[in-house]
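Geometric and topological summary
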Amino acid sequence: MKHLLYLVVLLCVCFGFAQDGNIPKKYTLDVSQFYGSILLHNPDISHLITNHPGGVIIGFNRKRFGHKDWEADLGYPDTGFSFVYQDMNNPTLGKHFGLYAHYNFYFFKRNLQFRVAQGVSYNTNPYDRTENFRNNAYGTHLLSSTMLMFNYHRENIVAGLGFKAGISLLHHSNANFKAPNTSTNTMAFNFGLTYDLNQAVVQDYLVPEPKERIKEPIRYNIVLRGGVNESDVINMGQYGFAIVSAYADKRLGNRSAIQLGTDIFFSNFLKELIRYQSISFPEIDVAPDTDYKRVGVFVGHELFVNKLSVVAQLGYYVYYPFDFEGRVYNRIGLKRYFGDRVFGAVTLKSHGAKAEAIEFGIGIRL
């Protein structure tokens, strides 16, 4: 996804390592080796699936015990950072070196762990029209990267050591910041060890005091988003875009809100793509004066952590003069509140699994 994509996620999740006064801290380290396969999510990358990628995942985690309200509400997740080395075992695709911020969520008496990680990866061999023209997966060295891990997880079995084993998904993309951007998805098996860095620190999970449920009237939001992206036509050029969004939200409790709103898209790369198709492909009958603007309506959900929240939206274009990737679109990302009203946002806008842009936004909640 990307998204660079969700680069700000790294900064936002740093709240997990902010100063907490005299609260005792407990940290763990995990190291896993993985080996898997590139998924054929797009036939355009079939020539790149020649071998099985592998690598190493290193995680540094801070345990959470409920000293803050959100920790208990979300099941006492870990916050942390991951480093990933991935060898694609294909000289055309090169290697990846990635740094991520992550959450570890736990289930079934904390024996199952689900890691959600977002960060930035450096690819050693992206597309080059003379030196590496076969790599239509990555158009830039720096890529947004998403990692999901689902593991059976046991800590501190003996002398601070434990183990974990499961499956991982690694996604690399630049969110159409620069073409080409077919991207890759790697599904892998992983196995590794964990180590408790603070064995002498023993803490109990705190049960929070009952608190009053948040009740709010419907609130109204205005957001201005922007960024740079490019169409799938290589070397067509990067263009700025702007999006104006207005929506209403209604809190459902202390952690959730639902949304209903509209987007107006001013995507300048479409203006150039319309001109290009009208000249180069007369058989598809695109008029050169076709409007490049789009209008969508969407429903969404917002998960409030503290000053940070996670948003997910699903939209449909009601004004759609030029056909580009279909009428349905989706958006997922992070918001960071500054006070009660003003917020910043970093989101990925896509059509299914096909990313269109990383959006950087600023908004106000009235």
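Residues numbered from 1 in each chain as written. Predicted model: local features only at pLDDT ≥ 70, side-chain atom pairs only at ≥ 80, totals over all residues. Heavy atoms only, no water.

Glancing now at the environment of Tyr239. With respect to the helices and strands, the residue Tyr239 is situated in strand E10 (residues 239–251). Through-space distance from the C-alpha of Tyr239 to that of Gln113 is 41 Å; in sequence the pair is 126 residues apart. Once residues lying within four places of it in the same chain are set aside, the contact partners of Tyr239 are Gly227, Val228, Asn229, Asn268, Phe269 and Glu272. (Helix = DSSP H or I, 4+ residues; strand = E, 2+ residues; numbered from the N terminus. Contact = heavy atoms within 4.5 Å.)

A few words on the nonpolar core. Membership of the largest hydrophobic core comes to 14 residues, with the highest contact counts inside it found for Tyr247, Phe265, Tyr317, Tyr329 and Phe343. At the level of secondary structure, the elements contributing two or more residues to this core comprise E10, strand E11 (256–267), strand E12 (294–304) and strand E14 (328–338). Here the element with the most residues in this core is E10; it accounts for 3 residues. Setting aside residues up to four positions removed in sequence, Phe265 forms contacts with Ala242, Ile243, Lys293, Arg294, Gly296, Tyr317, Tyr329, Arg331 and Lys349. (Core = buried A, V, L, I, M, F, W, Y, C linked by side-chain atoms within 4.5 Å. Buried < 20%, exposed > 50% of the residue type's maximum accessible area, 1.4 Å probe, protein only.)

The next subject is the pairing of strand E8 (residues 184–196). Direction of pairing for strand E1 (residues 27–38) relative to E8: antiparallel, over a ladder of 11 bridges. Counted as the bridge partner of Leu29 is Tyr195 from E8. (Pairing = 2+ DSSP bridges.)

This paragraph deals with the sheet that holds strand E3 (residues 78–87). Around the barrel, which closes on itself, the 8 strands sit in the order E1-E2-E3-E4-E5-E6-E7-E8 with antiparallel pairing between neighbours. If you compare each strand with its neighbour and ignore which way they point, the axes differ by 25° on average. For strand E2 (residues 54–62) and E3, the ladder comprises 9 bridges, and the chain directions are antiparallel. In the strand pairing of E3, Arg62 is matched with Thr79. (Axes fitted to C-alpha atoms, helices over the stretch in contact; angles between N-to-C directions.)

This next bit is on the sheet that holds strand E15 (residues 342–351). Around the barrel, 8 strands lie side by side as E9-E10-E11-E12-E13-E14-E15-E16; this closed barrel has antiparallel pairing. Taken pair by pair, the neighbouring strands of this sheet meet at an average axis angle of 25°, ignoring direction. Bridge count between E12 and strand E13 (residues 308–319): 10 bridges; the pairing is antiparallel. Counterpart to Phe304 in the pairing with E13 is Ser309.

This paragraph deals with helix H3 (residues 268–280). Relative to the 18 Å expected for 13 residues at 1.5 Å per residue, H3 spans 19 Å between its end C-alpha atoms, a close match to the ideal helical length. Taken together, the buried positions of H3 are occupied by Phe269, Leu270, Glu272, Leu273, Ile274, Gln277 and Ser278. Close packing links the buried residues of H3 with strand E9 (219–229), E10, E11, E12 and strand E16 (354–365). (Expected span 1.5 Å × (residues − 1).)

This part takes up the pattern of salt bridges. By the definition in use, this model includes 19 salt bridges. Salt-bridge contacts for Arg255 lead to Asp73; the nearest nitrogen and oxygen are separated by 2.9 Å. Placement of Arg255 in the loop between E10 and E11 and of Asp73 in helix H2 (residues 69–73) is noted, with a sequence separation of 182 residues between them. Judged by its relative accessible area of 33%, Asp73 falls in the partly exposed class. Here Asp263 makes a salt bridge to Arg331, at a shortest N to O gap of 3.2 Å. (Salt bridge = Lys/Arg side-chain N within 4 Å of Asp/Glu carboxyl O.)

Now for the confidence of the model for the protein chain. Across the protein chain, the average pLDDT comes to 91, with 94% of residues at or above 70. With pLDDT under 50 throughout, residues 1–19 is counted as low confidence; its partners more than four residues away or in other chains account for 71 contacts. (pLDDT = per-residue confidence, 0-100.)

Time to look at the side chain of Thr182. For Thr182, the location among the structural elements is in the loop between strand E7 (161–173) and E8. Residue classification places Thr182 among the buried positions, given a relative accessible area of 14%. Polar contacts involving the side chain of Thr182 include one to the main-chain carbonyl oxygen of Asn136, which spans 2.6 Å. Residues in contact with Thr182, not counting those within four places in the same chain, are His41, Asn42, Asp44, Ile45, Asn136 and Ala137. (Polar contact = N/O pair within 3.5 Å; in protein donor to acceptor, adjacent residues only side chain to side chain.)

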